[in-house]
Amino acid sequence: MATPAIEIEHLSKEYPYGFLNLKKKKSLEDLSMRVESGEVFGFLGPNGAGKSTTIKLLMRLIFPDGGTARILGKSIDDVSMHRDIGYLPEQPYFYDYLTAAEVLDYFARFHGLTAADRQTRVQNMLKKVGLETAKKIQLRKYSKGMLQRVGLAQAILHDPQVVILDEPMSGLDPLGRREVRDIILELKKKGRTVLFSTHILSDAEMLCDRVGVIVGGKLRGVGAPAEMVGIKTQGIEISFEMSDGKSVPLLAKATRTGECYRVQLPEEELYGAIDQLKAAGARILSVAHIKPTLEEFFMNLVEADRAQANAVEVSGK
Amino acid sequence: MRNVRTVAANTFREAVRDRVLYNLVFFALLMMGAAILVGQISIGIEESVIVSLGLTAISVIGLFIAVFIGVGLVSKEMDKRTLYALLAKPVERWEFLLGKFCGLVMTLTVNTAAMAVGLYLALWTVKHTLEKSDAWVLVAVYLILLKLALIVALAMLFSCFTTPFLAILFTAGIYVAGVFAGDLRTMQAVDISAGAMTLMRGISYLLPNFENFTVMGAVAHGRGVPGALVGHATLYVVCYGAVVLAGAAAIFSRRNLK
């Protein structure tokens, strides 16, 4: 069996808080998961769920209270492992007295690249992330989105095997988000492993081979987006237009937006509904399956977690 | 050592771009003013006044840079989170610390060397010549630089486990205590118990002894500095500094970033 790109076993982390840091809050509880080599893995969860904590633990920016993790088969304690890893921190910030080209050159030096290689890579990368024209401007004059692009560039500059991105779409405009999506897909095409955290579920659905959902510091599910939400359809939706004054029983269940009506029905009622609409002279615009989205799955988990937390709080009282 | 060199070079570049070396303008103005003024009001002691004033200014300006920038070397990187991307590279935390230390010592060396040149220019202005004995000023400047390097190491140690404000207070406190470390060792007091005296002596040996770095009085009067003192001070800073930096690295290696 191939070595997984990332292997996490029973990771736990508590943060001290309160007076003299005597109280502890569990940020991550017994997290175990694997990211296979060559896959794009989405790490989903609401704010404060433990996504960034997990990523920081993997990067040894913070230290676990329990558990272990390996990347490319090496313990995360082994600094040499970082040669094959690229990391984009959440809301990245870099030395603001440097230009984008200088900061990339600086980071490239730690990978032992030659001066000529560094220069070529830096130029190519600036072009790739759309900063070629701003490369001589100090980062203190950069917008949040531009810093995000610099962050992405430094993460993949050395062509790492595993790329870990913490909220890579954060602060980007639609064009920037699309460029990041393209970069992630390009990395996948090259066989690289990508782990990225996000709460933009449409991005996860579009890009990920598998996703892991974390809520309240606990992993609630791992699988392909379609598996996670269940592939069974939940009925059909018909959109139609109908002149005023005409009426069919179906209208009682329909909602109207402008001239357009929309109605959701069980699949077995489809043909009966079409007959009704034909008889009334309605114009059918579309008929589509209703599939549960990752967002619905996600929201259900979050709401269940909140309900459980409230129940514990009430029983505690 | 490549990583240490890279971090050190960047730290030096940061100091230059953040205009740390602008203090040299202040020093130049001070020396020019002093040279003009001393030439008018003092008879026969111009050299002594210029050397004392110059060495004091080099020491005080260096102290400010060593304490304030030294504390910020680590804490600023943690606060602004510039450290995150760096520690994700194949860089050991101790390499980062040592690189930061070397970078600031490099900055202080350039700064101190430039001020030493300014001091010699002021001397030349008042005396219209430079004598062989004036070379002792360089030794005094070297000892100041050693002292500053040790202060940078202490500032970094404190900034590894406490807030920048407290780190500045601790560093300044240790510096002041270190200046009087020699007095603590030889102090005789009748109303202190023998146990307390032993404890105080013990503490005085733990404190950095900054007494040996002050040769301003001798140099200002054209007297030389024993070679043994310079050798001892150098060895002392190397050993004490290594212990302090090792302590800082041990603490920082397990420090959770925000």
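Residues numbered from 1 in each chain as written. Chains lettered and ligands numbered in written order. Predicted model: local features only at pLDDT ≥ 70, side-chain atom pairs only at ≥ 80, totals over all residues.

On to the overall build of chain B. Tallying secondary structure elements over chain B gives 11 helices and zero strands in all. N-terminal to C-terminal, the α/β element order of chain B is α-α-α-α-α-α-α-α-α-α-α. In terms of overall dimensions, chain B is globule-like: its C-alpha atoms have a radius of gyration of 20 Å, near the 18 Å expected for 258 residues. For chain B, the spread of C-alpha atoms along the three principal axes comes to 60 × 55 × 30 Å. Burial statistics for chain B: of 258 residues in total, 40% are counted as buried. Put simply, 84% of the contacts in chain B that link residues at least 6 apart link residues at least 24 apart. (Helix = DSSP H or I, 4+ residues; strand = E, 2+ residues; numbered from the N terminus. Rg over C-alpha atoms; globule rule 2.2 N^0.38 Å. Buried ≥ 20, exposed ≤ 12 C-beta atoms within 10 Å, placed from the backbone. Contact = placed C-beta atoms within 7 Å.)

Once that is clear, we can look at the overall build of chain A. Helices and strands together make up the secondary structure of chain A, namely nine helices and 14 strands. Projected onto its principal axes, the C-alpha coordinates of chain A cover approximately 75 × 55 × 45 Å. Counting all 317 residues of chain A, 38% fall into the buried class. Taking the intrachain contacts of chain A between residues at least 6 apart in sequence as the baseline, contacts between residues at least 24 apart amount to 71%.

Facing 22 residues of chain A, the contacting portion of chain B comprises 20 residues. For the side of chain A that touches chain B, the secondary structure elements donating two or more residues are β6 (85-88), α2 (100-109) and α4 (144-156) of chain A. Split into classes, the residues belonging to the side of chain A that touches chain B amount to 16 nonpolar, four polar and two charged. (Nonpolar A, V, L, I, M, F, W, Y, C, P; charged D, E, K, R; others polar.)

Our next topic: the packing of helix α3 (residues 46-80) of chain B against helix α6 (residues 136-159) of chain B. All names here are of chain B. Where α3 meets α6, the closest approach of the two axes is 8 Å, and the angle between their N-to-C directions is 20°. By the criterion of interaxial angle, the relationship of α3 to α6 is roughly parallel. Where α3 crosses over α6, the handedness of that crossing is right-handed. Along the lines of polarity and charge, the residues of the contact of α3 with α6 split into 19 nonpolar, five polar and no charged. (Axes fitted to C-alpha atoms, helices over the stretch in contact; angles between N-to-C directions. Parallel < 35°, antiparallel > 145°, perpendicular 65-115°, else oblique. Left-handed = near helix turned anticlockwise from the far one by under 90°.)

Residue and element names in this part refer to chain B. Mapped onto the elements of the fold, L97 is located in helix α5 (residues 93-127). Residue L97 is classed as buried on the basis of its C-beta count, with 25 C-beta atoms lying within 10 Å. Sequence separation of L97 and M78 is 19 residues, and the distance between their C-alpha atoms is 12 Å. Look past the residues within four positions of L97 in its chain and what remains in contact with it is M156, L245, A248, A249 and F252.

Residues and elements named next belong to chain A. Of all six residues in strand β9 (residues 210-215), five are buried, a share of seventy percent or more. With four bridges connecting them, strand β3 (residues 40-44) and β9 associate as parallel partners. Bridge assignment links G42 to a residue of β9, and that residue is V211. Note: β9 against strand β10 (residues 218-223), five bridges, orientation antiparallel. When the bridges of β10 are listed, V215 appears paired with K218. (Pairing = 2+ DSSP bridges.)

What follows deals with the sheet that holds strand β8 (residues 193-198) of chain A. Residue and element names in this part refer to chain A. Strand order in this open sheet of six strands is β6-β7-β8-β3-β9-β10, and the pairing throughout is mixed. Strands with a single pairing partner mark the edges of an open sheet, and in this sheet they are β6 and β10. Ignoring strand direction, the axes of neighbouring strands in this sheet form an average angle of 15°. The sheet contact formed by strand β7 (residues 162-166) and β8 spans five bridges and is parallel.

A word on unusual backbone geometry. Residue and element names in this part refer to chain A. The backbone of H10 shows a phi angle near 55°, a positive value even though the residue is not glycine. Unlike most non-glycine residues, D30 shows phi in positive territory, near 50°. Summarising the element assignment, D30 is placed in strand β2 (residues 23-35). With 14 C-beta atoms packed within 10 Å, D30 lands in the partly exposed category.

All names here are of chain A. Pairing of strand β11 (residues 236-241) with strand β13 (residues 260-265), which is carried by six bridges, proceeds in the antiparallel orientation. In the strand pairing of β13, E241 is matched with C260. Of the strand pairs in this sheet, β11 and strand β14 (residues 283-289) are connected by six bridges, and their pairing is antiparallel. Each residue of the ladder has a partner; that of E241, found in β14, is R283.

As a further point, take the sheet that holds strand β5 (residues 74-75) of chain A. Residues and elements named next belong to chain A. Taken in spatial order, the four strands line up as β2-β1-β4-β5 in an open sheet, and their pairing is antiparallel. What marks the edges here is a single partner per strand, and that holds for β2 and β5. As defined by bridge partners, strand β1 (residues 6-17) adjoins β2 across nine bridges and the pair is classed as antiparallel. Counted as the bridge partner of E7 is R34 from β2.

With that settled, the discussion passes to the environment of K189(A). By the secondary structure assignment, K189(A) is in helix α5 (residues 174-189). Residues K189(A) and K51(A), spaced 138 residues apart in sequence, show a C-alpha to C-alpha distance of 25 Å.

Looking now at helix α1 (residues 51-58) of chain A. For α1(A), the tally of buried residues reaches eight of eight residues, placing the bulk of the element in the interior. Positioned one or two residues after α1(A), R60(A) has a phi angle of 60°, which is positive.

What follows is about the packing of α3(B) against helix α7 (residues 164-179) of chain B. Residue and element names in this part refer to chain B. Across the interface, α3 lies against α7 with an axial gap of 10 Å and an inter-helix angle of 140°. In terms of axis orientation, α3 runs oblique to α7. In terms of crossing hand, the pair formed by α3 and α7 is right-handed. The residues of α7 that touch α3, namely those facing V67, F68, V71, G72 and S75, are P164, A167, I168, T171 and A172.

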